[in-house]
Structures are given as structure tokens and as C-alpha cells.
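The residues making up each chain are set out below.
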Amino acid sequence: MTWEVRVQEPAFDVGIEQARWFGTRHDVGAIVSFTGLVRDFNERPDVEALTLEHFPGMTEKALADIARQASERWQLEGIGIIHRVGRLLPGDVIVLVSVASAHRRDAFEACDFVMDYLKTRAPFWKKEHTASGDYWVSERQSDRDDADRWEQQ
């Protein structure tokens, strides 16, 4: 099982990354991906931009730990995670999680797990910029609830 974790400012092409990670693999029967985009609304309806901050080194380690945990829970062939930082605009790709497995169920569940843990356990801080001012985005209870459900399984 292989994985790649990257935190970066530049944009990336989802198709190119997925092909690079899994394109020549013949042991993969399913790839499940999640691509997250910056919305123009969140806590306020007029988001003009989003700035993401992180702790270099610590963030990559946390993402690698999440990938490791997924690989211990499900039979996977690979995981790719890319998360952008810096200033992003509505419509920009912010995150890509791709999970490969011989079977679809493992890939679906592992991708869901990785996203739930990424949202609650990876050290990222989001500041939204709006016409009415800037603010730090608060963690949502629904994200905590989503991640907590994996503790009971």
C-alpha cells in the first residue's frame, strides 16, 4: 500500500494527479475521490476569498497519520491527499483525496474516513474574507460528529 501526502499553494489538476498515483496499477478495482472546492458562502453569504494556514511539517505528518490509520482499517492499494494553503478564490480546488482498493466498499469507506479525520484532526486554519470583513472559520459540530462515528466502528 502506498500513499502520497502534499500540502501546497499551487493549483493542481485532479485528473493528472489521480492518473499519476494510480494510472498504471492493475491491482486496483476501485478509486474513490473527493474533490473539495472553495464556496462563495459559509458562515456569511458573501465570501470573496479564503486563506488557509498550517504548520509545515506538522500538517503533513498529521495527514500521513490519517492515511496510515485508513490503511490499517481497510484493504487499500493506495491513498493520495493534496491540500492547498494560501489565498484561494471561490471555485478553486482546495483538497483532493483519492483512495484505491481492489473493491469499491473499502475505497468508499476509507475516502469518507480520511475526509472526516482531515476536517477535524489536520492542523489547518481558515480565514474567510468577505465584503463585510474577515473572520476565522469555526469548527462545525457536524464535522466533529462525522469523525466521532468512526470511533464506534
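For the structure, see preceding data.
Right, let's walk through the structure included here. (Residues numbered from 1 in each chain as written. Predicted model: local features only at pLDDT ≥ 70, side-chain atom pairs only at ≥ 80, totals over all residues. Heavy atoms only, no water.)

Overview of the packing of helix H3 (residues 104-121) against helix H4 (residues 141-148)
Here is step 1: It is at 9 Å that the axes of H3 and H4 come closest, and there the two elements cross at 130 degrees. When the interaxial angle is binned, H3 and H4 end up oblique. Read as a crossing pair, H3 and H4 show a hand that is left-handed. Across the interface between the two elements, Asp116, Tyr117, Lys119, Thr120 and Arg121 of H3 pack against Asp143, Arg144, Asp146 and Ala147 of H4.
Here is step 2: For the contact of H3 with H4, the per-class residue count stands at two nonpolar, one polar and six charged. (Axes fitted to C-alpha atoms, helices over the stretch in contact; angles between N-to-C directions. Helix = DSSP H or I, 4+ residues; strand = E, 2+ residues; numbered from the N terminus. Parallel < 35°, antiparallel > 145°, perpendicular 65-115°, else oblique. Left-handed = near helix turned anticlockwise from the far one by under 90°. Contact = heavy atoms within 4.5 Å. Nonpolar A, V, L, I, M, F, W, Y, C, P; charged D, E, K, R; others polar.)

Observations regarding the packing of aromatic side chains
Here is step 1: A complete count under the given rule lists six aromatic pairs for this structure.
Here is step 2: A centroid spacing of 5.1 Å and a plane angle of 80 degrees characterise the contact between Phe55 and Trp125, whose relative ring orientation is edge-to-face. Highlighted residues: Phe55 in the loop between strand E3 (47-54) and helix H2 (58-73) and Trp125 in strand E7 (residues 124-130), separated in sequence by 70 residues.
Here is step 3: Relative accessible area serves as the criterion here: at 46%, Phe55 is assigned to the partly exposed category.
Here is step 4: The rings of Trp74, Phe113, Tyr117 and Trp150 are connected pair by pair, giving a single aromatic cluster.
Here is step 5: Stacked on the ring of Tyr117, the Lys or Arg Arg121 has its end atom at 3.9 Å from the ring centre. (Phe/Tyr/Trp six-rings, centres within 6.5 Å; stacked < 30°, edge-to-face > 60°. Buried < 20%, exposed > 50% of the residue type's maximum accessible area, 1.4 Å probe, protein only. Lys NZ or Arg CZ within 6 Å of the ring centre and 35° of its normal.)

Side note on the sheet that holds strand E8 (residues 133-136)
Adjacent strands of a sheet form backbone hydrogen bonds with each other and so pair up, either parallel or antiparallel.
Here is step 1: Pairing in this open sheet of four strands is antiparallel, and the strands run E5-E3-E7-E8 from one edge to the other. Every interior strand has two partners, whereas the edge strands, strand E5 (86-88) and E8, have only one. Between one strand axis and the next, the sheet turns through 20 degrees on average, direction left out of account. (Pairing = 2+ DSSP bridges.)

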